[in-house]
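# A look at the structure
Here are the chains, one letter per residue:
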Amino acid sequence: MSAVGLAQSLWLLVAALGLALAVSYAGLPMLGQSAFLAVGGYGVLLLGPGGAGLPLGVAAGLAVSLAAAGGYLTALATARLDGGYLALATWTLAWLAQRTLIAFPDLFGGTEGITRAAPARLVSRTLGVQLTLTDRINLCLAAGSCLLILAALYRLGRGPAGLDLAGLRESPGLTASLGVAVAARRRAVLTTTAALGGLAGAGSAVLLGVISPVDVSPLLSLELLLAVLLGGTARWWGPVLGIAVLAALPGGALAPTELGGAPARAVLTALLLLAAVAARTVLQRRPRHDLAPLPGRPSELPPPRPARRGAELELSHASVRYAGVTALDGVSLTLRGGQVHALIGPNGSGKSTLLDVLAGDLDAGTVRLDGAPHRARSVPDRVRAGVVRTPQQATVLTGLSPARQVALGARGGAGWPQAVLRQLFGTPRSRQQAAELHAAVADTLDVSGLSKLADLDPVRLTAGERQLLQVARAVATGARVLLFDEPAAGMTAAERGQLQAVLRRLADGGAAVLIVEHDLRLVAAVADRITVLDAGRVLATGDAASVRADPAVRHALLGVR
Amino acid sequence: MISGVLLQVVLAGLAQGAVLGLVALGFSLVAGTARILPFAHGDIVVGSIFLAVLAVVGRTPTAARLAGAGSVALVLLCLAAGMAVSGLVAGLVVLPDLASARRPNSLSWIAGGLAAGLLLRAVLGFYLPQQAYALPDPLRLDALAPGGLLRLPGGSTVPVRAVCVLAIGLLVGLLAEALLIRSRFGASVRAVADDPVGAALCGVSARRVVFGAFLLAGLLAGLAGLLTAPGRALSVDDGVVLGLAAAAAAVLGGIGSLRGAVAGGLVVGTVQALAAYAFGSGFYELAPLVLLVAVLALRPSATALR
């Protein structure tokens, strides 16, 4: 293979690796990579020497920034769309880009595209260096970019920062409830993917000196997707294999269009994609690194237990009406640090609604955390303020080992760009943090009685173990106020015992704990205070003995007159 | 008063919009029941008419008038091709892994639908390599009025084809909606869309209903192919943009709402025609793409099932 051909393949690998970050790591089906290649490729040729006349390096930088900005805008515009519709929107972008190039021939040269025959030179006046960008140097740049990105993906998958991506892939909603700013992560991923697409487009356009709509057609988006799928989404080196296979195929994706002709190339791509879909295990295999034990050793020092002291969550005068039904009617409730508070009542009495209001998911009454209004905007912000809740049904993230799920909660709020960069460079500080995280996870698992299950395949957990894991994830966030919705559902007697111990230990550590629970035996054993809800009103509140003696409670719950 | 030219533009837009409505109806039906976006749907529309033309006319089609038997064969083959290809896509890509449709971010049906559409385009591209083809009109709608033009009071004329396409498109769209509301099949469709497990417990097979939805969508796609083809020179590659325009119509009307899909089609068709009239023919294809991105960005709630 010639230097030009190899460099061309390597630039496509750059684009495919960027796509793998979105598709394989973050689970975002992005189909618009060809549009970002177009931005990069046309950008550098239009802005650079022979076009707007900017120095080549500046033009390339601008073109890649434009592509990145496009990725950021795409993420903003699709922020509330789920998988299929994200695919639809980005697929539309791919076609929009190509048809726009054809629709404005004065600007983009129509179907012929644009050509810059002048030899590309990188000149730095300040350093007094002049470098002619030969094919060989372009090849070195492409190879260097590939190696850097591969190293970054390898490290990202292993270390803590990559956990956020796995959470985004497995369940964005749950990941947000653990304090991870999923919307920001999604923007970061799509921006990076687009920037790498732009880099690939700029690199290959400079290499070939020409770019046309055929080079960045939506077919290229599908070929890059195919490259990611062919190599398997489960491994960081998957795209390398995929691009290698495509490059090796005669008349395949990377062959010049004149040889095989566009239809042959398209038929091959379509058949290979169908084959990849038929071999479903390839698509659905879970990334290995996400099921592996946490890397490194836990630090020797005992982990710093989060300070949960002094929390007080106070709700006053909350009323919620759904169409025709009064779910809550002027409910006031105070959760104090150091206490386990149980919320009981018949089905439909408003327990889950009350939990929604306390967590801040539903706006009613006034909620004060330690005397200050608890009015953080997003779910992750509320978790960082110190209030976490679990959903009623145990959600299991099948693609992440239990230890990593707990780690996801433990590092939820950590800032991302710095953390990622530190991890990529493997700074001593990042290793220190990883060791501390490891220790914190081990401690949380120990407290929850899940140490033996730390690295088990999550699909093999029993219903009760899933509930305990759910509690452990929430505990790991370090929140001072913990709201659990029926945590004991599906638990064996032994697991209930474990849960009881966890709740007690949390309260003894100073946290304010609320459980919604039907099992009155568990409630009697663990609760310091009990609130009974009936038809949206507080029937009684107090310690276990006084509530049990309350005639209204006996009437409502036991039917005793 | 609306000028004659603008009236013709709007009418042509409405006619194409009625066709889009049929495509959008199928899109919304499949997206509603299987919660799978039929990425190959537009290709099936264009593919069905080209398959039928290949079989009846051959590799060098012209807009020349067909004999009676040829017309009937073309109509039947086109409808059958739409159903067959749509059923094939369902059988090969969707049904083997129906459960994955409920999983977030499942790649298999997205990649499968895109691959099926690409394969259809590529295979047809082998036999029909030209940029675009003028196709015969087996329904002979132009023959309904002298010169193919309908004279309006006031002296202006409108193409009779556009009026008929609009009428047929709306009629079939409303018929399909009525069928889905009244019939037993329609009830099962809504049951599966709401709760596939609950429907299965009541004896409604999700697989059968999803397959039925794909077949019905394919039939509508075939009809849309018949109606849209003679109106303009058609390229094998036009299917994707047509499908995306229909997706825009379906999202505009709210996914799962069939009446919304028909209405959305009229809106998209009109916008498309007006954009091309005002800014140049290049915008005929750009307008629906921009519209789809805009609707998805501004009204994401429309993608939630209703």
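The preceding data block contains the structure.
Residues numbered from 1 in each chain as written. Chains lettered and ligands numbered in written order. Predicted model: local features only at pLDDT ≥ 70, side-chain atom pairs only at ≥ 80, totals over all residues.

Within chain B one finds eleven helices and two strands. Against the 2.2 N^0.38 benchmark of 19 Å for 306 residues, chain B shows a C-alpha radius of gyration of 19 Å, consistent with a compact globule. Burial status across chain B gives 54% buried among its 306 residues. Restricting the contact set of chain B to residue pairs at least 6 apart, pairs at least 24 apart contribute 77%. (Helix = DSSP H or I, 4+ residues; strand = E, 2+ residues; numbered from the N terminus. Rg over C-alpha atoms; globule rule 2.2 N^0.38 Å. Buried ≥ 20, exposed ≤ 12 C-beta atoms within 10 Å, placed from the backbone. Contact = placed C-beta atoms within 7 Å.)

As a further point, take the sheet that holds strand S9 (residues 372-373) of chain A. Residues and elements named next belong to chain A. Read from one edge of the open sheet, four strands run S6-S5-S8-S9, paired in antiparallel fashion. Sheet topology places strand S6 (325-336) and S9 at the edges, where each strand pairs with a single neighbour. Two elements, strand S5 (residues 312-322) and strand S8 (residues 366-369), share four bridges in a ladder whose sense is antiparallel. Bridge pairing in S8 places Ser-316 opposite Thr-366. Packed on one face of the sheet, helix H14 (residues 351-359) meets S5, S6 and S8 and runs near 125° to S5. (Pairing = 2+ DSSP bridges. Axes fitted to C-alpha atoms, helices over the stretch in contact; angles between N-to-C directions.)

The next thing to look at is the packing of helix H1 (residues 3-25) of chain A against helix H10 (residues 218-230) of chain A. All names here are of chain A. It is the contact of H1 with H10, at a shortest axis distance of 9 Å, that shows an interaxial angle of 70°. Judged by the angle between their axes, H1 and H10 are roughly perpendicular. Crossing geometry of H1 relative to H10 is assigned as right-handed. Contacts between H1 and H10 involve Ala-15, Ala-16, Leu-19, Ala-20, Val-23 and Ser-24 on the former and, on the latter, Leu-224, Leu-225, Ala-227 and Val-228. In terms of residue class, the contact of H1 with H10 is made up of nine nonpolar, one polar and no charged. (Parallel < 35°, antiparallel > 145°, perpendicular 65-115°, else oblique. Left-handed = near helix turned anticlockwise from the far one by under 90°. Nonpolar A, V, L, I, M, F, W, Y, C, P; charged D, E, K, R; others polar.)

Another aspect to go through is the nonpolar core. A:Val14, A:Ala16, A:Ala63, A:Leu482, B:Val23 and B:Ala248 are the most contacted members of the largest nonpolar core, which has 301 residues in total. Excluding anything up to four places from it in sequence, B:Val23 contacts B:His41, B:Gly42, B:Val45, B:Ala221, B:Ala224, B:Leu242, B:Gly243 and B:Ala246. (Core = buried A, V, L, I, M, F, W, Y, C linked by C-beta atoms within 7 Å.)

Quick look at unusual backbone geometry now. All names here are of chain A. Backbone geometry places Glu-486, a non-glycine residue, at a positive phi of 45°. Structurally, Glu-486 is set in the loop between strand S11 (481-485) and helix H20 (493-508). Assessed through the 20 C-beta atoms surrounding it within 10 Å, Glu-486 is described here as buried. You will see that Ala-535, though not glycine, has its phi angle at about 50°, which is positive. Taking the C-beta count within 10 Å as the criterion, Ala-535 has 16 such neighbours and is therefore assigned partly exposed.

The next subject is the pairing of strand S7 (residues 340-344) of chain A. Residue and element names in this part refer to chain A. Among the five residues of S7, five are classified as buried, and the element is accordingly described as predominantly covered. Side chains Val-340, Ala-342 and Ile-344 project from S7 onto one buried face, and the interleaved His-341 and Leu-343 project onto a second face that is buried too. Where S7 meets strand S12 (residues 512-516), four bridges bridge the pair, whose relative direction is parallel. Counterpart to Leu-343 in the pairing with S12 is Val-516. The pairing of S7 with strand S13 (residues 529-534) spans four bridges and is parallel. Looking across to S13, one finds that Ile-344 is bridged to Val-532.

On to the pairing of S12(A). All names here are of chain A. Within S12, five of the five residues are buried, which leaves the element mostly enclosed by the surrounding structure. Neither face of S12 is left uncovered, since the one carrying Ala-512, Leu-514 and Val-516 and the one carrying Val-513 and Ile-515 both have all their residues buried. In this structure, S11 lies alongside S12, joined through five bridges in parallel fashion. Along S12, the bridge assignment pairs Val-481 with Ala-512. Between the parallel pair S11 and S12, the chain is carried across by H20, and the sense of this crossover is right-handed. (Right-handed = clockwise from strand over helix to strand, strands pointing away.)

Right, let's talk about the interface of chain B and chain A for a bit. Chain B puts 35 residues into the contact, and the matching count from chain A is 37 residues. Among the secondary structure elements, those contributing two or more residues to the side of chain B that touches chain A are helix H4 (108-127), helix H9 (238-253) and helix H11 (283-298) of chain B. Looking at which element gives the most residues to the side of chain B that touches chain A, the answer is H4(B), with 13 residues.

Another aspect to go through is the sheet that holds S11(A). Residues and elements named next belong to chain A. The six strands lie next to each other as S10-S11-S12-S7-S13-S14, forming an open sheet whose pairing is mixed. Whereas interior strands pair on both sides, the edge strands pair on one side only; in this sheet they are strand S10 (387-389) and strand S14 (537-542). Within this sheet the neighbouring strands show an average axis-to-axis angle of 15°, counted without direction. Contacting S7, S11 and S12, H20 runs over the sheet at an angle of about 150° to S12. Together, S13 and S14 form the strand contacts of helix H23 (residues 551-558), whose direction differs from that of S14 by roughly 120°.

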